[in-house]
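Observations on chain architecture
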Amino acid sequence: MVIDCHTHIDKTNEKDWKPEDLIAAMDEASIDYSIVIENHRSIPPLDQLIAITKKYQRFFALANISLDSFDDQYCKKLMHHLKQNDIVGIKLFPGYEDYYPYDERFSQILRFCEDNGYPLMIHTGVLMIGCKGHLEQAQPLHVDRIAHAYPNLKIIIAHMGNPWLTDTVAVMWKNPNVYTDLSAFFVENQPIDPKDVMLFLARMRDMKDFLGSFKRCLFGTDWPLYSQKEYLDAVKQIGLTDEERELIYWKNATELFKLPVQ
């Protein structure tokens with residue numbers, strides 16, 4: 001089984017990507033399930049995304065918390081959707097909006113997630129031109145403060161903090177409740193270059209040298225910015241043990257997001 005823990009149904013390069021496009025990409029790559037994330041532009045908005053994931057049984061929804069609309073009422077709405085299994089976790093986009101991930105305004109929802117076993121994903125790494133916030137807000141070292149304050153909260157550093165992979169690994173080494181997904185390493189909206197795969201493999205070796213294993217990694221692509229098939233082909237070259245392969249491809253995602261899959 002393979003689960004892509006990081007996809008979006010979005011509009012990129014003037015193309016409006018539909019659920020059917022993601023299904024086709026999954027079929028091409030032999031990917032069984034995808035977690036579809038409400039992105040920082042709320043495309044599609046959460047209620048619509050939930051409806052899509054209920055229609056397409058191979059999708060699961062992950063909600064974005066936007067400070068532009070986050071208040072006590074919306075916090076209660078997210079808690080309701082989590083309890084109803086409409087969404088499988090929440091995500092922060094620091095840097096895309098002007099805040100740091102440890103902003104105290106998130107304390108209620110983070111405590112709820114910690115107490116009830118729901119995971120938090122945090123965008124880290126590069127930002128698009130013209131975003132509201134600052135690059136330093138998306139630096140993975142900030143995740144350490146959240147992991148320390150909420151030691152039982154499962155946290156996923158999105159994109160390995162790229163280009164700050166070493167910082168991501170340091171945060172993971174210090175905090176056993178922190179994981180990372182392998183998404184968004186390559187050049188966006190282009191075929192994955194074999195030379196870039198070699199760099200990717202070298203960085204993965206550095207990660208394993210530091211952590212000792214890939215046991216807290218999850219497979220993710222950031223589709224539609226990347227071909228799922230090309231990305232999976234690159235990950236297959238890492239040289240995983242049988243245990244690591246099982247954990248990365250599906251088991252970590254299944255356990256963290258409490259997915260009803262077999």
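To keep things clear, this report deals only with the structure shown in the data block.

What about the nonpolar core?
Core analysis: the largest hydrophobic core is formed by 97 residues, its most contacted members being I109, F200 and F257. In contact with F200, other than residues within four places in its own chain, are M160, F185, F186, A234, V235 and I238.

Digging into the environment of L67
Structurally, the position occupied by L67 is in the loop between β5 (59–65) and α3 (72–83). Those residues in contact with L67 that sit more than four places away from it in its chain are E97, Y99, D103, R105 and F106.

Notes on the environment of R245
The residue R245 is located in helix α9 (residues 242–256) in this model. The spacing of R245 and F214 is 31 residues in sequence and 8.7 Å in space, taken between C-alpha atoms. Within polar-contact distance, the side chain of R245 engages the backbone oxygen of L240 at 3.1 Å.

A few points about the sheet that holds strand β1 (residues 3–7)
Within the open sheet, the eight strands sit side by side as β1-β4-β5-β6-β7-β8-β9-β10. Their pairing is parallel. The sheet is open, and its two edges are formed by β1 and β10 (217–218), each paired on a single side. Bridge analysis of strand β6 (residues 90–92) against strand β7 (residues 120–122) gives three bridges, and the strand direction is parallel. Bridge assignment links K91 to a residue of β7, and that residue is M121.

A few points about the side chain of E244
Relative to the helices and strands, E244 is located in helix α9. In terms of polar contacts, E244 uses its side chain to reach the backbone amide nitrogen of T241, at 3.0 Å. In this structure, E244 is in contact with K208, S213, F214 and G239, ignoring residues within four places of it in sequence.

Points about the packing of helix α1 (residues 19–29) against helix α8 (residues 228–235)
Remark: α1 packs on α8, axes separated minimally by 8 Å, with the N-to-C direction vectors making an angle of 35°. Handedness of the crossing formed by α1 with α8: right-handed. On α8, the residues that touch L22, A25, M26, E28 and A29 of α1 are Q228, K229 and L232. Of the residues that constitute the contact of α1 with α8, the class distribution is five nonpolar, one polar and two charged.

Considering unusual backbone geometry
Omega for the peptide link from N162 to P163 comes to 15°, which places this bond in the cis form. Within the secondary structure, P163 sits in the loop between β8 (155–157) and α6 (165–174). With an omega of 15°, the peptide bond running from W223 to P224 counts as cis. Phi is positive for N85, which is not a glycine, with a value near 60°. Topologically, N85 is positioned in the loop between α3 and β6. A positive phi angle is found at K258, which is not glycine, with a value near 55°. Relative to the helices and strands, K258 resides in the segment after α9.

Thoughts on the packing of α6 against helix α7 (residues 194–211)
In contact at an axis separation of 10 Å, α6 and α7 are set at 25° when each is read in the N-to-C sense. Our classification of the angle between α6 and α7 gives roughly parallel. Crossing angle aside, the handedness with which α6 passes α7 is right-handed. Of the residues in α7, those touching α6 at L165, T166, V169, M172 and W173 are R203, M204, M207, F210 and L211. A class-by-class count of the residues in the contact of α6 with α7 yields eight nonpolar, one polar and one charged.

Description of the packing of aromatic side chains
Think of a pair of aromatic rings as described by two things: how far the centres are apart, and how the planes are tilted against each other in angle. Scanning the model with the defined rule gives 15 aromatic pairs in all. By the ring-pair criterion, three or more aromatic residues cluster together here, those being F185, F186, F200, F219, Y226 and Y231. The residue whose ring lies beneath K15 is W17, and the NZ or CZ to ring-centre distance is 4.7 Å. The residue whose ring lies beneath R145 is Y102, and the NZ or CZ to ring-centre distance is 3.8 Å.

Cut-off values and rules
- Residues numbered from 1 in each chain as written.
- Predicted model: local features only at pLDDT ≥ 70, side-chain atom pairs only at ≥ 80, totals over all residues.
- Heavy atoms only, no water.
- Core = buried A, V, L, I, M, F, W, Y, C linked by side-chain atoms within 4.5 Å.
- Buried < 20%, exposed > 50% of the residue type's maximum accessible area, 1.4 Å probe, protein only.
- Contact = heavy atoms within 4.5 Å.
- Helix = DSSP H or I, 4+ residues; strand = E, 2+ residues; numbered from the N terminus.
- Polar contact = N/O pair within 3.5 Å; in protein donor to acceptor, adjacent residues only side chain to side chain.
- Pairing = 2+ DSSP bridges.
- Axes fitted to C-alpha atoms, helices over the stretch in contact; angles between N-to-C directions.
- Left-handed = near helix turned anticlockwise from the far one by under 90°.
- Nonpolar A, V, L, I, M, F, W, Y, C, P; charged D, E, K, R; others polar.
- Parallel < 35°, antiparallel > 145°, perpendicular 65-115°, else oblique.
- Phe/Tyr/Trp six-rings, centres within 6.5 Å; stacked < 30°, edge-to-face > 60°.
- Lys NZ or Arg CZ within 6 Å of the ring centre and 35° of its normal.

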